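Below are the chains, spelled out letter by letter.
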Amino acid sequence: MEKLIGKKSTMVAVGAGHLGGAKGLIALLKAKGYQLKNIPFSFVKAK
């Protein structure tokens, strides 16, 4: 993943099961010095 991110701002979408925990994606990226930002979203029911 690190090779794909490059040097620019990047959004990565992954399943929730890969995010949490000591070995989850969030912890691993923070340990490497990446700054992570939550992006709020909401679902809208289709009409």
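Residues numbered from 1 in each chain as written. Predicted model: local features only at pLDDT ≥ 70, side-chain atom pairs only at ≥ 80, totals over all residues. Heavy atoms only, no water.

S.K.: Would you explain the overall build of the protein in this entry?
M.R.: Helix and strand counts for the protein stand at two helices and zero strands. Taken along the three principal axes of its C-alpha coordinates, the protein extends 45 × 25 × 15 Å. The 47 residues of the protein split such that 9% are buried. (Helix = DSSP H or I, 4+ residues; strand = E, 2+ residues; numbered from the N terminus. Buried < 20%, exposed > 50% of the residue type's maximum accessible area, 1.4 Å probe, protein only.)

S.K.: Is there a simple way to think about the packing of aromatic side chains in this case?
M.R.: Centre-to-centre distance and the angle between the planes together describe a pair of aromatic rings. Here the structure, examined in full by the defined rule, presents one aromatic pair. Between phenylalanine 41 and phenylalanine 43, the ring centres sit 5.4 Å apart and the planes meet at 90°, which makes this aromatic pair edge-to-face. (Phe/Tyr/Trp six-rings, centres within 6.5 Å; stacked < 30°, edge-to-face > 60°.)

S.K.: Please clarify how the layout of surface pockets should be interpreted in this entry.
M.R.: Here the idea is plain: a probe the size of a water molecule rolls over the atoms and shows the empty space left. By volume, the largest pocket is sized at about 830 Å³. Surrounding the largest pocket, 21 residues form its lining, Thr10, Met11, Val12, Leu36 and Lys37 being those nearest its centre. For the lining of the largest pocket, the leading source of residues is helix H2 (residues 25-31), giving four residues. Tallied by class, residues from the lining of the largest pocket come to 14 nonpolar, four polar and three charged. (1 Å grid on protein atoms, 1.4 Å probe; cavity = no way out; pocket = protein on both sides within 12 Å on 5 of 7 lines; lining within 4 Å. Points joined across faces, edges and corners; volume = space filled by probe spheres on them. Nonpolar A, V, L, I, M, F, W, Y, C, P; charged D, E, K, R; others polar.)

S.K.: How should a nonpolar patch on the surface be read in this particular structure?
M.R.: On the surface, a nonpolar cluster with roughly 230 Å² of combined accessible area is contributed by Met1, Val12 and Val14. For methionine 1, the location among the structural elements is in the segment before helix H1 (2-5). (Patch = residues over 30% accessible without salt bridge, like charges linked within 9 Å, V, L, I, M, F, W, Y side chains within 5 Å. Areas by Shrake-Rupley, 256 points an atom, 1.4 Å probe, with all protein chains shown as cover. Salt bridge = Lys/Arg side-chain N within 4 Å of Asp/Glu carboxyl O.)

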